[in-house]
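Chain by chain, the residues:
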Amino acid sequence: MILGLPIHALGYHQGCWRLPEVPADGTLDFRHAADCARIAERGKFDFLFLADSAAVRNLDDPAVARDREHEQVKNEPLALLCALAMVTERIGLVATASTTYNEPFNLARSLATLDHISGGRAGWNLVTGFSGDEARNYGFDAVPGSDLRHERAREFVDVTNGLFDSWDNGAFPRDRETGIYFDRAKMHFLEHRGKHFKVRGPLDVATPPQRHLPIITAGYSDQANEFTAEIADAVYAAAPNLDVGRAYYAAVKGRLAKYGRAPDSLKVLAGIMPFVGRTRQEAQDKFEQLQSLIQPEVGLGMLRLHNFPDLRGHDLDGPMPEVELSRGRYDMFSDALLEKVRRENLTIRQTYEVVAGGFWHLGKVGTAADIADTMEEWFSTGAADGFNIQAPYLPGSAADFVELVVPELQRRGLFRTEYETPMLRDRLGLPPAVSRYDASRLRQAGE
């Protein structure tokens, strides 16, 4: 079982930053990130994950109370992970970077540098960008269309991996006697000329320890799923229940064969938002405390972001009015949410509390055994190869998970007791990356 810990904010519950034990300035405080990293490494997690969108989003929509949220202002992921590499030894470090708002050479330099600094622990959460606010920060009037973004992303990955292949193994003799620092015969100009990029190379950073970094994606559109099946080593998944999780797992893995890939070459990592206690009552108390901290402005904004109309001015404790959902990136979740609202006659307040409590992050309240039961069922019945532990608040929920749930997973033989290998690629069960030039030589030799 693979475990990742997102630490891009103060937790996944929108009320978390108002808890007295959570550092309200933690999104910009390196000490907070370092505390979270050490906790995850103590729990033998596979990787830390920093989600990112280079914008403060939705400021033009008065129905979204961004000024009452904690995750919009944060540190840049690659710089932060380089610093975290210095206070950790084994845990993987996965940074979000967009193929729409970066250039391959600059990003390849940064990712390769992180891989060197961390000793082969870097990973790339590849996104194409969904936010209009982010697009406007990079000179676009709107987000480019999905087909164009994914077309660019495919070429971007090809160029990036080509740059990682700039140097063959043994390209740096650094021979003081001969005075030869690098072997030109083992250096390659990429000379890429494509539709979106023209890059000569070589990369001015030596080959990353992993050669090609693991690529993790997310998204539910047809283009995103096709891209995942073609390119990704792992994919972040979100599902409100086991049936949806199994359906997604089967659907995305069912696309792999057309690219000559085996089912286990792509790891599906489901999100789970655990509210864990030593007793069920303790877990419930933690859950209810967080729910009590949701400000109505924030709750209504959450519904707005999930395709609901502006519900300001309505009685929060009255029935949900007849609404027509807009269409957007959360269609699957908003449709399921509205169905639940109608089925259970939820009020507006109850509806946003459902969202805050982990409706599409697989919110689970209970003891370590309860949480482990859910994870084991998903893992053993074709819904997940691992999980992103979306801690409700940091660092406390992460510490609870490491102290209570990890030993239970270990007792069941589902999770490691020690790190087996230093490289993130190896830990994710990926084969060694092969340079395109070595692969070409092997083909020519008929091997």
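Up top is the structure these notes are about.
Because the structure is a prediction, the values reported are computed rather than measured.

A.B. asks: Quick one: what's the story with the overall build of the chain, residue by residue and with numbers?
C.D. replies: Of the regular secondary structure elements, the chain holds 15 helices and 11 strands. Computed over its C-alpha atoms, the radius of gyration of the chain comes to 23 Å, within 12% of the 22 Å expected for a compact globule of 447 residues. When its C-alpha atoms are laid out on the principal axes, the chain stretches across 80 × 50 × 40 Å. Residues classed as buried in the chain amount to 56% of the 447 residues present. A separation threshold of at least 6 residues defines the contact pool for the chain, and within that pool the share at least 24 residues apart is 76%. By element, 49% of the accessible surface of the chain is carried by carbon and sulfur atoms, the whole surface being about 19,300 Å². Here the chain contributes 51 positively and 63 negatively charged side chains, and the mean placements of these two sets differ by 4 Å.

A.B. asks: With reference to specific residues and values, describe empty space enclosed by the protein.
C.D. replies: Here the structure, examined in full by the defined rule, presents three cavities of 30 Å³ or more. By volume, the largest cavity is sized at about 110 Å³. Along its surface, the largest cavity is lined by 16 residues, and Ile7, His8, Thr27, Leu50 and Leu80 are the ones closest to its centre. Mapped onto the lining of the largest cavity, the elements with two or more residues apiece are helix H1 (30–42) and helix H2 (77–85). No other element matches the three residues that H1 contributes to the lining of the largest cavity. Counted by class, the lining of the largest cavity contains eight nonpolar, five polar and three charged residues.

A.B. asks: I'd like a rundown of the layout of surface pockets, residues and numbers included.
C.D. replies: One number sums up the size of the second largest pocket: a volume of about 450 Å³. Around the second largest pocket sit 19 residues that line it, and Asn161, His212, Glu230, Ile231 and Asp233 are the ones nearest its centre. Of the residues that constitute the lining of the second largest pocket, the class distribution is 10 nonpolar, three polar and six charged.

A.B. asks: Summarise the pairing of strand E3 (residues 92–98); cite the residues concerned and give the values.
C.D. replies: Most of E3 is tucked away, with seven of its seven residues classed as buried. Here strand E2 (residues 47–50) runs beside E3; their pairing, made up of four bridges, is parallel. Across the sheet, residue Leu50 finds its bridge partner in E3, namely Ala95. As a crossover connection, the stretch from E2 through H2 into E3 is right-handed. One ladder, built from six bridges, connects E3 with strand E4 (residues 122–127); its direction is parallel. Its bridge partner lying in E4, Ala95 is registered against Trp124. In terms of handedness, the path from E3 via helix H3 (residues 104–118) over to E4 forms a crossover that is right-handed.

A.B. asks: An account of the nonpolar core is requested, with residue identities and associated values reported.
C.D. replies: Leu3, Phe45, Met375, Phe387, Phe401 and Leu409 are the most contacted members of the largest nonpolar core, which totals 73 residues. Take this core: its biggest share by element is seven residues, from helix H13 (residues 396–411). With 25 residues, the next largest nonpolar core counts Met320, Tyr330, Val341 and Ile348 among its residues.

A.B. asks: Mind laying out the side chain of His188, listing which residues take part and the relevant values?
C.D. replies: Following the sequence through the fold, His188 ends up in the loop between helix H5 (146–164) and strand E5 (192–193). Polar contacts involving the side chain of His188 include one to the side chain of Asp168, which spans 2.9 Å. With residues up to four places along the chain from it excluded, the contact list for His188 reads Asp165, Ser166, Asp168, Pro202, Tyr437 and Arg441.

A.B. asks: Got a sec to walk through H2? Specific residues and values, please.
C.D. replies: The complete set of buried residues in H2 reads Pro77, Leu78, Leu80, Leu81, Leu84 and Ala85. Seen from one end, H2 has its buried residues packed into an arc of 160°, which puts them on one side. Packed against the buried residues of H2 are H1, E2, E3 and H3. Its side-chain oxygen at 3.1 Å from the backbone nitrogen of Leu78, Glu76 defines the N-terminal cap of H2.

A.B. asks: Just give me the short version of the environment of Pro214, but keep the residues and values in it.
C.D. replies: The topology assignment puts Pro214 in the loop between strand E6 (198–199) and strand E7 (215–217). Of the residues examined, Pro214 reaches a relative accessible area of 0% and is grouped as buried. For the pair formed by Pro214 and Arg255, sequence separation is 41 residues and the distance between their alpha carbons is 19 Å. Excluding residues within four positions of it along the chain, Pro214 makes contact with Ala122, Gly123, Trp124, Asp233, Leu424, Arg425, Leu428 and Leu430.

A.B. asks: Help me get a handle on the pattern of salt bridges, residues and values and all.
C.D. replies: One pass over the structure, following the stated rule, counts 38 salt bridges. Across the pair Glu230 and Arg154 runs a salt bridge whose closest N-O atoms are separated by 2.6 Å. Here Arg154 lies in helix H5 and Glu230 lies in helix H6 (residues 222–231), a separation of 76 residues in the sequence. The exposure class of Arg154 is partly exposed, given its relative accessible area of 26%. Lys286 is the partner of Asp400 in a salt bridge, and the nearest nitrogen-oxygen pair spans 2.7 Å. Of this pair, Asp400 sits in helix H13 while Lys286 sits in helix H8 (residues 280–292), and the two are 114 residues apart along the sequence. Asp400 gets classed as buried once you look at its relative accessible area, which sits at 14%. Residue Lys286 is classed as buried on the basis of its relative accessible area, which comes to 18%. Each of Arg278, Glu282, Lys286, Asp400 and Glu403 takes part in one network of salt bridges that share partners.

A.B. asks: Describe in detail the packing of aromatic side chains, supporting the description with residues and values.
C.D. replies: Per the counting criterion, the structure on display carries 14 aromatic pairs. Arranged with centres 5.5 Å apart and planes meeting at 85°, the rings of Phe156 and Phe197 form a pair that is edge-to-face. Of this pair, Phe156 sits in helix H5 while Phe197 sits in the loop between E5 and E6, and the two are 41 residues apart along the sequence. By relative accessible area, Phe197 is classed as buried at 3%. Where Phe172 meets Tyr181, the ring centres are 6.3 Å apart and the plane angle is 80°; that geometry is what we call edge-to-face. Here a set of aromatic residues connected by ring pairs shows up, and it is made of Trp167, Phe172, Tyr181 and Phe182.

Quick notes on the rules
Residues numbered from 1 in each chain as written. Predicted model: local features only at pLDDT ≥ 70, side-chain atom pairs only at ≥ 80, totals over all residues. Heavy atoms only, no water. Helix = DSSP H or I, 4+ residues; strand = E, 2+ residues; numbered from the N terminus. Rg over C-alpha atoms; globule rule 2.2 N^0.38 Å. Buried < 20%, exposed > 50% of the residue type's maximum accessible area, 1.4 Å probe, protein only. Contact = heavy atoms within 4.5 Å. Areas by Shrake-Rupley, 256 points an atom, 1.4 Å probe, with all protein chains shown as cover. Lys, Arg positive; Asp, Glu negative; His and termini not counted. Charge placed at Lys NZ, Arg CZ, Asp CG, Glu CD. 1 Å grid on protein atoms, 1.4 Å probe; cavity = no way out; pocket = protein on both sides within 12 Å on 5 of 7 lines; lining within 4 Å. Points joined across faces, edges and corners; volume = space filled by probe spheres on them. Nonpolar A, V, L, I, M, F, W, Y, C, P; charged D, E, K, R; others polar. Pairing = 2+ DSSP bridges. Right-handed = clockwise from strand over helix to strand, strands pointing away. Core = buried A, V, L, I, M, F, W, Y, C linked by side-chain atoms within 4.5 Å. Polar contact = N/O pair within 3.5 Å; in protein donor to acceptor, adjacent residues only side chain to side chain. Arc of directions from axis to C-beta. Salt bridge = Lys/Arg side-chain N within 4 Å of Asp/Glu carboxyl O. Phe/Tyr/Trp six-rings, centres within 6.5 Å; stacked < 30°, edge-to-face > 60°.

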